[in-house]
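So the chains spell out like this:
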Amino acid sequence: YLALEIKTLVSTNTPDGTRADAPADYNPKTLHVKIIDAMGNAVMSTDNYSNDQAFKGNIALEAGTYTVVAHSKGWDGNGSGFGTPYYYGSTTVQVVADNLVTANVECTQANVKVTVNYEKTFTSLFKNAVTTVSSSVSGISALRFIMGENSQSGYFPVGNLTARLDVTNMSNVANSMSKTFENVKARDHYILNFKMAQEGNLGDGTE
């Protein structure tokens, strides 16, 4: 018998138009779960683990090795978007006759989160500001964080990121600057806080 324990870890790593748009009804915490045998065959699957009673309690299986895979339903995370984290987790277990084994699957964020904040000292001095974040991954559309319009975090597949800030001050003088983030990993959370700083700095950022 196999018992499943699946949980979603929503925290991220925050140290000191897309190739595949998420559908409109995408809910990252609705999990697709699949039990796969040693031959690669799916012996059980569900598109909504939380509501599927067949996956509750003990599941009777033939003795053998099984892989349990869980991920956000309806999207593979291979694209950019606002408010679209993608969770994935898997584990392999050995089912033995006349025994109960528990498969513990922890789903963690498999894409990268970017948050842009424009602080009051910054917004009071500029007529408009746009931060465009682009990915080095081929085919991934850039996201535009417009000052005063959108405050949601954006998500990208794993790959180097470049943030470009374009501003226009109250005298209609335009300027821009950019910064590249390398060695990007799943669960990373890049927070760009824009405030008045020394000339040439792209605000403050944490990875």
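Only a predicted model underlies this, so the values are computations on that prediction, with no experimental measurement involved.

### Observations concerning unusual backbone geometry
Right, so step 1: A positive phi angle, near 65°, is found at Asp 98, a position not held by glycine.
Right, so step 2: A positive phi angle, close to 55°, is found at Asn 183, a residue other than glycine.
Right, so step 3: Mapping Asn 183 onto the fold places it in the loop between strand S14 (174-181) and strand S15 (189-194).

### Observations regarding the nonpolar core
Right, so step 1: One finds Val 114, Tyr 118 and Phe 122 to be the most contacted residues of the largest nonpolar core, which totals 22 residues.
Right, so step 2: Of all the secondary structure elements, the ones that give two or more residues to this core are strand S9 (112-118), strand S10 (126-135), strand S11 (143-146), strand S13 (161-169) and S15.
Right, so step 3: In this structure Val 114 touches Val 133, Phe 145, Ser 153, Gly 154, Phe 156, Leu 161, His 189 and Tyr 190, once residues within four positions along its chain are discounted.
Right, so step 4: One finds Leu 2, Phe 55, Leu 61 and Val 93 within the second-largest nonpolar core, a separate group that totals 19 residues.

### Re the packing of aromatic side chains
Right, so step 1: In total, this model carries nine aromatic pairs according to the counting rule given.
Right, so step 2: Aromatic side chains Trp 75 and Tyr 86 sit 6.5 Å apart centroid to centroid with 90° between the ring planes, which places their arrangement in the edge-to-face category. In this pair, Trp 75 is assigned in the loop between strand S5 (64-72) and strand S6 (81-82) and Tyr 86 in the loop between S6 and strand S7 (87-95), connecting sequence segments eleven residues apart. With respect to class, Trp 75 is no different from Tyr 86; both count as buried.
Right, so step 3: Judged by centre distance (5.9 Å) and plane angle (40°), the rings of Phe 122 and Phe 194 are tilted. With Phe 122 in helix H1 (residues 120-123) and Phe 194 in strand S15, the pair connects residues that are 72 residues apart, well separated along the chain.
Right, so step 4: The exposure class assigned to Phe 122 is buried, which follows from its relative accessible area of 4%.
Right, so step 5: Under the relative-accessibility criterion, Phe 194 is labelled buried at 1%.
Right, so step 6: Through successive ring pairs, a cluster of aromatic residues spans Tyr 118, Phe 122, Phe 126 and Phe 194.
Right, so step 7: Across from the ring centre of Tyr 49, 4.1 Å away, lies the NZ or CZ of Lys 56, which sits over that ring.

### Things to note about the confidence of the model for the protein chain
Right, so step 1: Predicted confidence across the protein chain gives a mean pLDDT of 88, with 88% of residues reaching 70 or more.
Right, so step 2: Of all helices and strands in the protein chain, the one with the weakest mean pLDDT is strand S16 (residues 204-206) (50), whereas S5 scores best (97).

### Overview of the environment of Leu 31
Right, so step 1: With respect to the secondary-structure elements, Leu 31 resides in strand S2 (residues 31-37).
Right, so step 2: Residue classification places Leu 31 among the buried positions, given a relative accessible area of 6%.
Right, so step 3: Placed 20 residues apart in sequence, Leu 31 and Asn 51 show a C-alpha to C-alpha distance of 9.9 Å.
Right, so step 4: Not counting chain neighbours up to four residues away, the residues in contact with Leu 31 comprise Ile 6, Thr 8, Thr 46, Asp 47, Asn 48, Tyr 49, His 71, Ser 72, Lys 73 and Cys 107.

### A closer look at the sheet that holds S14
Right, so step 1: As summarised here, the arrangement of the four strands in space is S11-S10-S13-S14, forming an open sheet in which the pairing is antiparallel. Both outer strands of the open sheet, S11 and S14, are each paired with one neighbouring strand and no more. Each adjacent strand pair in this sheet contributes to an overall mean axis angle of 15°, direction not counted.
Right, so step 2: Of the strand pairs in this sheet, S10 and S13 are connected by nine bridges, and their pairing is antiparallel. When the sheet's bridge partners are listed, Phe 126 is paired in S13 with Asn 169.

How each quantity is defined
Residues numbered from 1 in each chain as written. Predicted model: local features only at pLDDT ≥ 70, side-chain atom pairs only at ≥ 80, totals over all residues. Heavy atoms only, no water. Helix = DSSP H or I, 4+ residues; strand = E, 2+ residues; numbered from the N terminus. Core = buried A, V, L, I, M, F, W, Y, C linked by side-chain atoms within 4.5 Å. Buried < 20%, exposed > 50% of the residue type's maximum accessible area, 1.4 Å probe, protein only. Contact = heavy atoms within 4.5 Å. Phe/Tyr/Trp six-rings, centres within 6.5 Å; stacked < 30°, edge-to-face > 60°. Lys NZ or Arg CZ within 6 Å of the ring centre and 35° of its normal. pLDDT = per-residue confidence, 0-100. Pairing = 2+ DSSP bridges. Axes fitted to C-alpha atoms, helices over the stretch in contact; angles between N-to-C directions.

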